[in-house]
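As a plain string of letters, each chain reads:
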Amino acid sequence: MEHLTGLIAAPHTPFDKNGEIAWDVIPQQAELLIRKGLTGAYISGSTGEGISCSVEERLKVMELWHKASQGKLKLIVHTGALSLKDVETLGRRADELGVFAVSVVPANYFKPANVDLLVRYCQKAASFSPHCRFYYYHSSLSGINLSMPEFLEKADGVIPTLAGIKFNSMNLYEYQQCRRVLGGKYDIVYGTDEFYAGARALGARGFIGSTYNYQSDLYFEIERAFDRGDWEAVEAGMSKVCRGVDLLVRYGGVACGKVLMATQGIDAGDPRLPLAALTAEQKQSILREYEEIMSGK
């Protein structure tokens with residue numbers, strides 16, 4: 001099965017001043033990713049506030065991204081939800097549209113207690129999209145901390161469409177373990193942006209992340225420096241990446257990322273509750289600090 005390469009952005013779901021989805025912004029986001037040369041888009045995940053959207057909204061987001069991507073982006077749709085019936089509704093529509101892949105964070109209130117239950121859950125979730133590749137979304141935010149190498153071993157042959165894992169963890173040891181399972185059969189796409197260079201040094205070639213929405217040019221510079229063995233340039237580039245992530249940490253993650261979309265001419269609005277919106281003063285401070293970071297000050 002094809003392994004993903006390049007940068008795959010996790011786009012924000014844009015909201016207007018009333019907290020409703022700004023549908024007209026989605027084509028702008030897709031056009032930006034296509035123009036910048038990204039491989040694809042992972043929609044309605046953590047960055048996309050998928051769990052803060054209704055099923056009806058997520059269906060329309062999926063349909064708009066499918067139309068706007070014009071077949072030029074590999075579209076991965078997060079179909080995870082608390083209810084398996086909602087996973088089914090989302091998964092079946094993704095299959096009808098023929099998207100590249102579906103992906104789930106499993107239910108995280110009533111959690112799968114062990115790897116066997118996780119495999120059973122993912123088997124069911126994947127079955128709703130039999131014509132799409134399936135990526136398990138491994139994230140510390142879910143509170144589900146099970147062995148991913150064991151998951152791959154037990155899911156092999158049980159989930160026919162299993163393509164791999166969206167690996168959002170700083171545990172590069174486990175990342176390497178997953179890459180070795182069954183001779184490297186599965187696609188372990190790395191998802192923690194501030195570890196980009198470290199994961200690349202360990203063989204990663206496919207990356208999914210939020211900061212690729214607004215600073216893909218920087219990552220492409222780091223990639224070129226990496227390929228020519230210019231480690232000083234790699235370090236300098238990653239310093240900018242990490243300082244940018246420092247901003248995200250300081251200003252609430254998704255809310256800050258939405259502000260930084262303004263650097264690309266995209267108004268992504270504020271996040272939905274329970275995430276906190278930022279003040280106008282905070283937004284101006286973020287943009288000033290980010291400009292300094294990118295200019296090398």
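Just above sits the structure.
Keep in mind it's a predicted model, so treat the numbers as computed, not measured. (Residues numbered from 1 in each chain as written. Predicted model: local features only at pLDDT ≥ 70, side-chain atom pairs only at ≥ 80, totals over all residues. Heavy atoms only, no water.)

Trainee: Got a sec to walk through the packing of aromatic side chains? Specific residues and values, please.
Mentor: Scanning the model with the defined rule gives eleven aromatic pairs in all. Considering the side-chain rings of Phe 167 and Tyr 190, the 6.3 Å spacing of their centres and the 25° angle between planes classify their relative orientation as stacked. With Phe 167 in strand β6 (residues 162-168) and Tyr 190 in strand β7 (residues 187-190), the pair connects residues that are 23 residues apart, well separated along the chain. Of the two residues examined, Phe 167 and Tyr 190, each falls in the buried class. (Phe/Tyr/Trp six-rings, centres within 6.5 Å; stacked < 30°, edge-to-face > 60°. Helix = DSSP H or I, 4+ residues; strand = E, 2+ residues; numbered from the N terminus. Buried < 20%, exposed > 50% of the residue type's maximum accessible area, 1.4 Å probe, protein only.)

Trainee: Quick one: what's the story with the pattern of salt bridges, residue by residue and with numbers?
Mentor: Tallying each qualifying case throughout the model produces 16 salt bridges. Note that Glu 88 is salt-bridged to Lys 85, the shortest N-O span being 3.2 Å. Taken together, the residues span about one helical turn, with Glu 88 and Lys 85 both in helix α3 (residues 84-97) at a distance of three residues. Judged by relative accessible area, Glu 88 falls into the buried class, the value being 18%. Overall, the relative accessible area of 57% leaves Lys 85 in the exposed class. When the shortest N-O distance is used, the salt bridge between Glu 289 and Arg 250 registers 3.0 Å. (Salt bridge = Lys/Arg side-chain N within 4 Å of Asp/Glu carboxyl O.)

Trainee: An account of the side chain of His 78 is needed here, citing residue identities and associated values.
Mentor: Residue position: His 78 is located in strand β3 (residues 74-78). Polar side-chain contacts of His 78 include one of 2.9 Å to the backbone oxygen of Ser 44. Residue contacts for His 78: discarding those within four places in its chain leaves Tyr 42, Ile 43, Ser 44, Gly 45, Arg 58, Ser 103, Val 104, Val 105 and Tyr 137. (Polar contact = N/O pair within 3.5 Å; in protein donor to acceptor, adjacent residues only side chain to side chain. Contact = heavy atoms within 4.5 Å.)

Trainee: For the nonpolar core, give the residues involved together with the corresponding values.
Mentor: Ranked by internal contacts, the top residues of the largest apolar core, which has 73 residues, are Trp 65, Phe 134, Tyr 136, Phe 151, Leu 152 and Ile 165. When residues no more than four places from it in sequence are discounted, the contact partners of Leu 152 are Leu 162, Ile 165, Cys 178, Val 181, Tyr 186 and Ile 188. Core analysis: the second largest hydrophobic core is formed by 18 residues, Leu 248, Ile 266, Ile 286 and Tyr 290 among them. (Core = buried A, V, L, I, M, F, W, Y, C linked by side-chain atoms within 4.5 Å.)

Trainee: I'd like a rundown of empty space enclosed by the protein, residues and numbers included.
Mentor: Under the criterion given, the structure shown has one cavity of 30 Å³ or more. Estimated volume of the largest cavity: approximately 50 Å³. In terms of lining, the largest cavity is formed by Pro 11, His 12, Thr 13, Pro 14, Ile 26, Gln 29, Ile 43, Ser 44, Gly 48, Val 61 and Trp 65. At the level of secondary structure, the elements contributing two or more residues to the lining of the largest cavity comprise α1 (26-36) and α2 (55-68). Within the lining of the largest cavity, the residues separate by chemical class into six nonpolar, five polar and no charged. (1 Å grid on protein atoms, 1.4 Å probe; cavity = no way out; pocket = protein on both sides within 12 Å on 5 of 7 lines; lining within 4 Å. Points joined across faces, edges and corners; volume = space filled by probe spheres on them. Nonpolar A, V, L, I, M, F, W, Y, C, P; charged D, E, K, R; others polar.)

Trainee: Quick one: what's the story with helix α9 (residues 231-250), residue by residue and with numbers?
Mentor: Its 20 residues place the ends of α9 28 Å apart at the C-alpha level, agreeing with the 28 Å of an ideal helix rising 1.5 Å per residue. Buried residues belonging to α9 abut α7 (196-201), α8 (212-227), α10 (254-260) and α11 (280-295). With its phi angle positive at about 90°, Gly 252 sits one or two positions after the end of α9. (Expected span 1.5 Å × (residues − 1).)

Trainee: Run through the environment of Pro 160, naming residues and quoting values.
Mentor: Assignment of secondary structure puts Pro 160 in the loop between α5 (148-155) and β6. Separated by 37 residues in sequence, Pro 160 and Gln 123 have C-alpha atoms that sit 8.4 Å apart.

Trainee: Let's hear about unusual backbone geometry: which residues, and what values?
Mentor: The omega angle of the peptide bond from Leu 273 to Pro 274 is 15°, so this bond is cis rather than trans. Of note, Pro 274 is situated in the loop between α10 and α11. At Ser 44, a position not held by glycine, the phi torsion is positive, near 65°. Within the fold, Ser 44 resides in the loop between β2 (40-43) and α2. In this structure, Leu 182 is a non-glycine residue whose phi angle is positive, near 50°. Following the sequence through the fold, Leu 182 ends up in the loop between α6 (172-180) and β7. The exposure class of Leu 182 is partly exposed, given its relative accessible area of 46%.

Trainee: Could you give me a rundown of the layout of surface pockets, with the residues and numbers involved?
Mentor: Empty space within the second largest pocket amounts to approximately 340 Å³. Lining the second largest pocket are 17 residues; nearest its centre among them are Lys 17, Asp 267, Gly 269, Asp 270 and Lys 283. Where the lining of the second largest pocket is concerned, the elements lending two or more residues are α10 and α11.

Bear in mind that shape data such as this cannot, by itself, settle questions of function.
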